[in-house]
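For reference, the chains in residue letters:
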Amino acid sequence: MVILCTEELGMHGDAFYAQLEPTAGAYIALDRRLPDHPDQDVALVWDERYGWSLALETNSSEDPVRLRPGSGNAM
């Protein structure tokens, strides 16, 4: 699923990961920034509970901050 998403976005490289345990989740780093947050990296994140969400990176020791949690729909 994650590789298909990166291909659809036209992305190349290894700026993503997926995990299956303890709960399934995925992360795709985007090479764009949002106008309202020009100093923060942006990512797509997925988990079993919320589905896909756009998220901001804060620092490497914290989870990305979801901007708008998804509806829980799996792709």
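About the cut-offs
- One numbering rule holds for all chains: residues counted from 1, following each sequence as written.
- Note on the predicted model: pLDDT of at least 70 is required for a residue's local features to be given, and 80 or more for side-chain atom pairs to be given and counted; whole-chain, interface and lining totals, by contrast, use all residues.
- Derived side-chain values reflect all non-hydrogen atoms in the structure, with water molecules and hydrogen atoms excluded from consideration.
- Put simply, DSSP marks the helices as runs of H or I at least four residues long and the strands as runs of E at least two long, and each gets a number from the N terminus on.
- The classification of residues rests on relative accessible area computed with a 1.4 Å probe and restricted to protein chains. Under 20% of the type maximum is buried, over 50% is exposed, and intermediate values are partly exposed.
- Whether two residues are in contact is decided by their heavy atoms, any of which lying within 4.5 Å being enough.
- Only the protein chains shown count as cover for residues, with accessible areas throughout obtained via the Shrake-Rupley method and a probe of 1.4 Å.
- N or O atoms within 3.5 Å of each other form a polar contact, as long as, within protein, one can give a hydrogen and the other can take it, and as long as residues adjacent in sequence are counted only when both atoms are side-chain atoms.
- Only strands joined by at least two bridges in the DSSP assignment are considered to pair.
- Salt bridges, as used here, are contacts in which a Lys or Arg side-chain nitrogen is within 4 Å of a carboxyl oxygen on Asp or Glu.

Colleague: How should I be thinking about the overall build of the protein in this particular structure?
Modeller: Scanning the protein for helices and strands turns up 1 helix and 5 strands. Along its sequence from the N terminus, the protein presents helices and strands in the succession α-β-β-β-β-β. Within the protein, the fraction of its 75 residues that count as buried is 27%. A separation of at least 24 residues holds for 14% of the contacts in the protein among residues at least 6 apart in sequence. When the accessible area of the protein is evaluated, it comes to approximately 5600 Å², of which 51% is carbon and sulfur surface.

Colleague: I would appreciate a short explanation of the side chain of Glu57 in the present structure.
Modeller: With respect to the helices and strands, the residue Glu57 is situated in the loop between strand 4 (51-56) and strand 5 (65-66). Among the polar contacts listed, one links the side chain of Glu57 to the side chain of Tyr27, at a separation of 2.7 Å. Ignoring any residue separated from it by four or fewer positions in sequence, one finds Glu57 in contact with Tyr27, Gln40, Asp41, Ala43 and Pro64.

Colleague: Explain the sheet that holds strand 1 (residues 16-19) to me, please; I cannot follow it from the model alone.
Modeller: Hydrogen bonding along the main chain pairs the strands of a sheet, whether they run parallel or antiparallel. If you trace the 5 strands from one edge of the open sheet to the other, you get 1-2-3-4-5, paired in antiparallel fashion. The strands lining the two open edges of the sheet, one partner per strand, are strand 1 and strand 5. Summarising the sheet, strand 1 and strand 2 (residues 25-30) pair through 4 bridges and their orientation is antiparallel. Among the inter-strand pairings, Tyr17 is bridged to a residue of strand 2, identified as Tyr27.

Colleague: When you look at the side chain of Asp47 in this model, what are you seeing that I'm missing?
Modeller: For Asp47, the location among the structural elements is in strand 3 (residues 42-47). Within the structure, Asp47 has its side chain in polar contact with the backbone nitrogen of Tyr50 (distance 2.7 Å). At a separation of 2.6 Å, a polar atom in the side chain of Asp47 contacts the side chain of Arg66. Not counting residues up to four positions away in its chain, the partners in contact with Asp47 are Ala24, Gly25 and Arg66.

Colleague: Would you mind going over the pattern of salt bridges with me for this structure?
Modeller: Pairing between side chains of opposite charge can happen when their charged atoms approach one another. Applying the stated criterion across every chain yields a total of 2 salt bridges. Two residues, Arg33 and Asp41, come together in a salt bridge whose shortest N-O distance is 2.7 Å. Of the residues examined, Asp41 reaches a relative accessible area of 39% and is grouped as partly exposed. Close ionic contact of Arg66 with Asp47 constitutes a salt bridge, the shortest N to O distance being 2.6 Å.

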